[in-house]
Amino acid sequence: MTSGESHESIIDEPTEGEATSTEPKRKLELDVQVKDAGACKKHITITIPRAEIDRQYEESLGSLQKEAHVPGFRPGRAPKTLVVKRFKKQVADQVKSALLMESLEQVDRDFQLNPITQPKLDVAAIELPEEGPLAFDMEVEVRPEFPLPSYQGLKVKRPVRKVSDQDVDAQYERFLERYARIVPKLEGGAEIGDYITADLTFLRDDGSTINEVKEIQFRLQPELRFQDGRISKMGDAIKGAKAGEVREAEAELGTSIADPTLRGQTVKVKATIHDLKKVELPEVDHGFLESIGFESVDELREAVRDALIRRVEAQQRQAVRRQVLDALIEATPFELPADLVSRQERGTASRLAMELREEGFSPEDVRARQAEIRANAHEMTLRSLKEFFILAKVAEAESIKVEDEDLEAEVEA
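Computed from a predicted structure; not experimentally measured. Residue indices follow the written sequence of each chain, beginning from 1 at its first position. Owing to the predicted nature of the model, reporting of local features is limited to residues with pLDDT of at least 70; listing and counting of side-chain atom pairs is limited to 80 or more, with chain, interface and lining totals taken over all residues. Excluded from the side-chain calculation are hydrogens and water; included are all heavy atoms of the structure.

Q: What's the story with the overall build of the chain in this structure? I'm lost.
A: Where helices and strands are cited, they refer to DSSP runs of H or I of at least four residues and of E of at least two residues respectively, numbered from the N terminus. Across its full length, the chain holds twelve helices and twelve strands. Think of it in three bands: residues with accessible area under 20% of the maximum for their type are buried, residues over 50% are exposed, and the middle band is partly exposed, with areas taken using a 1.4 Å probe on protein chains only. Burial analysis of the chain (413 residues in total) assigns 33% to the buried set. Considering only intrachain contacts with a sequence separation of at least 6, the fraction spanning at least 24 residues in the chain is 69%. Here the chain displays about 25700 Å² of accessible surface, and carbon together with sulfur accounts for 48% of that area. Whether two residues are in contact is decided by their heavy atoms, any of which lying within 4.5 Å being enough. Every accessible area reported is derived by Shrake-Rupley at a probe size of 1.4 Å, with residue values counting cover from the shown protein chains alone.

The structure is reproduced here in structure tokens:
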């Protein structure tokens, strides 16, 4: 030792062995209890013994002591007792954070629960105890477990449909509705395609009211669907009605209605008509055609026909895919996480509304179909999630990325 060296510099200098240490990460001694908490949901209780807390406490305190700035002492030279007193909460937070992270990582490695969402864990509510072990609970949504379905050799039929002139006429009119006006209907009664504003009152057999919806607007179609059911002959019931009239029909209630005594029942519905509006199509003249990028009605109709043919072809491919997945879904019953279904359902409803807008439906028409959109979103969400998990299972088993053609189905024209 030379006269210029200090004891502190020799103590601080790491040895060669310390600098190159690559020891594997130590496993925590945990007590882990995993229980079913519903469809695709696990309730996990983790208990961290006191010895692990104390070990982490010493490790965190040692790291903090090297960096702590305490008045009257050089950085890293403050006594341990003073550091503990001054930084008690900071050390406790570091200990809790480190233990939670390590324990969650270890549970994930050891139990392979295949979570599909982040665990529901209220970190702020977990307190590091002064004595004894640290215990906390959490719930996590996991992938559904089911045996891999057999998909080899499935036979399906591809539907064949030709686009007719009547199909083009209907699509042509729907295209023009993008540029139509919704105007008051001052003459005549309600017709299919008109916009109706009405009060709908749902009645029991004894005449008492089940529910009443005030001033709902909808576009009159042969059938009116709503979130908890449908009125299958709404068009017949309302056709010809004028403002101020009352018409009656029958509503078929769904299985998701709140009152269990009404599920699947047929009840009376009274429609009080307040207002009628009709769709006024634009005049298809040279100025209108030029404004949308066409030179003639024939050119516009041909573009409509081409778009319709592409859509039909896409529907044919989708029909083949659906038949294959129908067979797999039927052969593979399993439950889905309720929270996941609820979250996805909101997105499905938004997508259905967007698709209607892209098909040419006006904003008013989309709003009028909101009940129908909500009614469809739940079933579509259930199916799409089941398709996702089944295809993921196939991909995992085959170690491939599954596309439509990877499902080895024999397609008959």
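Q: Just to check I follow, could you spell out the pairing of strand E6 (residues 195-203) for this structure?
A: It is a general feature of regular strands that their side chains alternate between the two faces of the sheet. Within E6, nine of the nine residues are buried, which leaves the element mostly enclosed by the surrounding structure. Residue alternation in E6 divides its side chains into two sets, Tyr195, Thr197, Asp199, Thr201 and Leu203 and Ile196, Ala198, Leu200 and Phe202, and both sets are buried. For two strands to pair, DSSP has to find at least two bridges joining them. Turn length for the E6-strand E7 (residues 209-219) hairpin, with the two strands adjacent in sequence and antiparallel, is five residues, and the turn residue glycine 207 shows positive phi of about 90 degrees.

Q: Any chance you could explain the packing of helix H6 (residues 165-176) against helix H9 (residues 297-330) here in plain terms?
A: Each pair of packed helices can be summarised by the angle the axes make with each other and by the distance between the axes. To obtain an axis, a line is fitted to C-alpha atoms, over the contacting stretch when the element is a helix, and the angle between two such axes runs from 0 to 180 degrees between their N-to-C directions. Where H6 contacts H9, the axes come no closer than 9 Å and their chain directions differ by 105 degrees. Comparing the axis directions of H6 and H9 gives the class roughly perpendicular. Packed against H6, whose contacting residues are Asp165, Asp167, Val168, Asp169, Gln171, Tyr172 and Phe175, the element H9 presents Val297, Leu300, Arg301, Val304, Arg305, Leu308 and Arg311 at the interface. Throughout this entry, Asp, Glu, Lys and Arg are counted as charged residues, while Ala, Val, Leu, Ile, Met, Phe, Trp, Tyr, Cys and Pro are counted as nonpolar. The remaining residues, Gly among them, count as polar. Per-class residue counts for the contact of H6 with H9 are seven nonpolar, one polar and six charged. Throughout this description, any angle smaller than 35 degrees is read as roughly parallel, any larger than 145 degrees as roughly antiparallel, any in the 65 to 115 degree range as roughly perpendicular, and the remainder as oblique.

Q: Help me understand the sheet that holds strand E1 (residues 31-36), please; the structure alone is not making it clear to me.
A: Sheets are built from strands that pair by backbone hydrogen bonding, the pairs being arranged parallel or antiparallel. As summarised here, the arrangement of the three strands in space is E1-E2-E3, forming an open sheet in which the pairing is antiparallel. The open sheet has two edge strands, E1 and strand E3 (134-141), and neither has a second partner. Strand-to-strand twist across the sheet, computed as the mean angle between neighbouring axes with direction ignored, equals 15 degrees. In the sheet, E1 pairs with strand E2 (residues 41-48) via six bridges, with the strands oriented antiparallel. Residue pairing for E2: aspartate 36 is matched across the bridge by lysine 42. Across the sheet, helix H5 (residues 88-111) touches E1, E2 and E3, and the angle it forms with E2 is around 125 degrees.

Q: Would you take a moment to explain unusual backbone geometry for this structure?
A: For residues that are not glycine, phi is negative in most cases, and the peptide bond is trans in most cases. In this structure, glutamine 112 is a non-glycine residue whose phi angle is positive, near 45 degrees. By secondary structure assignment, the location of glutamine 112 is in the loop between H5 and E3. Its relative accessible area of 59% is what places glutamine 112 among the exposed residues. Here the phi dihedral of asparagine 114 falls at roughly 55 degrees; this positive angle occurs in a residue that is not glycine. Here asparagine 114 lies in the loop between H5 and E3.

Q: Quick question: what am I supposed to make of the environment of valine 284 here?
A: Within the fold, valine 284 resides in the loop between strand E11 (266-280) and helix H8 (286-291). The spatial distance from the C-alpha of valine 284 to the C-alpha of valine 297 is 7.7 Å, given a sequence separation of 13 residues. Aside from chain neighbours lying at most four places away, what touches valine 284 is Tyr172, Leu176, Leu289 and Val297.

Q: Help me understand the confidence of the model for the chain in this model?
A: Note: predicted coordinates in regions of low pLDDT should not be interpreted at a detailed level. Per-residue confidence from the prediction method is given by pLDDT, with values spanning 0 to 100. Residues of the chain with pLDDT of at least 70 account for 83%, and the chain-wide mean is 81. Note on residues 1-21: pLDDT is under 50 here. Beyond four places in sequence and across chains, it has five contacts. Low pLDDT (under 50) marks residues 400-413, which in the prediction has 30 contacts with non-local residues, meaning those over four places away or in another chain.

Q: Where do I start with the nonpolar core in this structure?
A: In a soluble, globular protein the nonpolar side chains are often hidden away together inside. Counting residues in hydrophobic clusters, the biggest one holds 25 residues, and the most contacted among them are Ile196, Ile231, Met234, Ile238 and Ile273. Those elements giving two or more residues to this core turn out to be E6, strand E8 (224-226), helix H7 (234-238), strand E10 (246-253) and E11. With residues up to four places along the chain from it excluded, the contact list for isoleucine 196 reads Ala190, Ile216, Gln217, Phe218, Leu220, Ile238, Ile273, Asp275 and Leu276. In plain words, nonpolar cores are sets of buried Ala, Val, Leu, Ile, Met, Phe, Trp, Tyr and Cys residues tied together by side-chain atoms within 4.5 Å.

Q: How should I be thinking about the pattern of salt bridges in this particular structure?
A: A side chain of one charge can pair with a side chain of the opposite charge if their charged atoms are brought near each other. In the sections that follow, a salt bridge refers to a side-chain nitrogen of Lys or Arg positioned within 4 Å of a carboxyl oxygen of Asp or Glu. For the structure shown, the criterion picks out 24 salt bridges. In this structure, aspartate 199 and lysine 214 form a salt bridge, with 3.7 Å as the shortest nitrogen-oxygen distance. With aspartate 199 in strand E6 and lysine 214 in strand E7, this pair connects stretches of sequence that are 15 residues apart. With a relative accessible area of 9%, aspartate 199 lands in the buried category. Taking relative accessible area as the criterion, lysine 214 reaches 54% and is therefore assigned exposed. Arginine 230 is paired through a salt bridge with glutamate 223; the nearest N and O atoms lie 2.7 Å apart. Exposure remark for arginine 230: the relative accessible area of 34% places this residue in the partly exposed category.

Q: Could you clarify how one ought to interpret the environment of glutamate 52 in this entry?
A: Secondary-structure assignment places glutamate 52 in helix H3 (residues 50-67). Each C-alpha atom, one on glutamate 52 and one on leucine 134, is 9.4 Å from the other, the two residues being 82 residues apart in sequence. Each residue touching glutamate 52, except ones within four places of it in the same chain, is listed here: Arg26, Lys27, Leu28, Glu29 and Leu99. Here a polar contact means two N or O atoms within 3.5 Å. Within protein one must be a hydrogen donor candidate and the other an acceptor candidate, and residues neighboring in sequence count only if both atoms are side-chain atoms. Of note is the side chain of glutamate 52, whose polar atom sits 3.2 Å from the side chain of arginine 55.

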